[in-house]
Amino acid sequence: MGATDEVDRIVDAWRAQRSDLDFSPMEVLSRVDRLSRHLDRARRDAFDRTDIEPWEWDVLSALRRAGEPYQLSPKQLLQQTLVSSGTMTNRIDKLVQRGLVHREADPEDGRSVLVTLAEEGRIRVDAAITRLMDAEAELLRELSPAERTRLAALLRHLALSFETEA
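Residues numbered from 1 in each chain as written. Predicted model: local features only at pLDDT ≥ 70, side-chain atom pairs only at ≥ 80, totals over all residues. Heavy atoms only, no water.

Looking at an unreviewed UniProt entry, one finds the protein chain named MarR family transcriptional regulator, with Microbacterium sediminis as its source organism.

Let us now look at the overall build of the protein chain. Counting secondary structure elements, the protein chain contains 7 helices and 3 strands. Moving toward the C terminus, one meets the helices and strands of the protein chain in the order α-α-α-β-α-α-β-β-α-α. For 166 residues, the compact-globule estimate of 2.2 N^0.38 gives 15 Å, and the C-alpha radius of gyration of the protein chain, at 21 Å, exceeds that figure by more than 25%. By its C-alpha atoms, the protein chain is 65 × 35 × 30 Å across when sized along the principal axes. In the protein chain, once contacts between residues fewer than 6 apart in sequence are set aside, the share between residues at least 24 apart is 47%. When the accessible area of the protein chain is evaluated, it comes to approximately 11400 Å², of which 53% is carbon and sulfur surface. Looking at charge distribution, the protein chain has the averaged site of its 25 positive side-chain charges lying 1 Å from that of its 31 negative ones. (Helix = DSSP H or I, 4+ residues; strand = E, 2+ residues; numbered from the N terminus. Rg over C-alpha atoms; globule rule 2.2 N^0.38 Å. Contact = heavy atoms within 4.5 Å. Areas by Shrake-Rupley, 256 points an atom, 1.4 Å probe, with all protein chains shown as cover. Lys, Arg positive; Asp, Glu negative; His and termini not counted. Charge placed at Lys NZ, Arg CZ, Asp CG, Glu CD.)

Okay, the layout of surface pockets next. Taken as a whole, the largest pocket spans an internal volume of roughly 880 Å³. The wall of the largest pocket is formed by 21 residues, among which Leu35, Leu140, Leu143, Leu151 and Leu155 lie closest to the centre. Breaking the lining of the largest pocket down by element, the ones donating at least two residues are helix H2 (24-49), helix H6 (119-139) and helix H7 (145-165). Considering every element that reaches the lining of the largest pocket, the biggest residue donor is H2, with 9 residues. Grouping the amino acids of the lining of the largest pocket by side-chain chemistry returns 13 nonpolar, 2 polar and 6 charged. (1 Å grid on protein atoms, 1.4 Å probe; cavity = no way out; pocket = protein on both sides within 12 Å on 5 of 7 lines; lining within 4 Å. Points joined across faces, edges and corners; volume = space filled by probe spheres on them. Nonpolar A, V, L, I, M, F, W, Y, C, P; charged D, E, K, R; others polar.)

Let us now look at the pairing of strand S2 (residues 101-106). Bridging between S2 and strand S3 (residues 109-117) involves 6 bridges; their strand directions are antiparallel. Each bridged residue has a counterpart across the sheet, and for alanine 105 the counterpart in S3 is valine 113. Where S2 folds back onto S3 in an antiparallel hairpin, the turn is made up of 2 residues. (Pairing = 2+ DSSP bridges.)

And the structure:
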């Protein structure tokens, strides 16, 4: 066998105690959980270094991904960030106060508003995505490009099974 990690030690101990169970799910999902913790730390660091909160990242990155003029309706932001309407209104208010976004009347419907990414918001989200991609690449440094592609495909397959159930 090759190198072992903490999950191997945990699974081996369980197998010694409960040889009647299949611990292969634990071998996969405990590693996913541990990797998730490393990813959370990397994301927090990338966001801290650009002075944005994770929830701000969600909104700012949705606007940035929309392309020029970097604007979406609050309803579109709700769909992308999966938060309640009240939460989104509060988030937009805070982002407006920080000068990272601004509200504009929707030219198609004067009763509606659009949220537009401000220049300062674009600068911060661009810096954050650059730092985040550097950090995530570092987390995956042990994998070859082919291994990354294969792992992404496997994780997509697993994730889609949950998305189709929802």
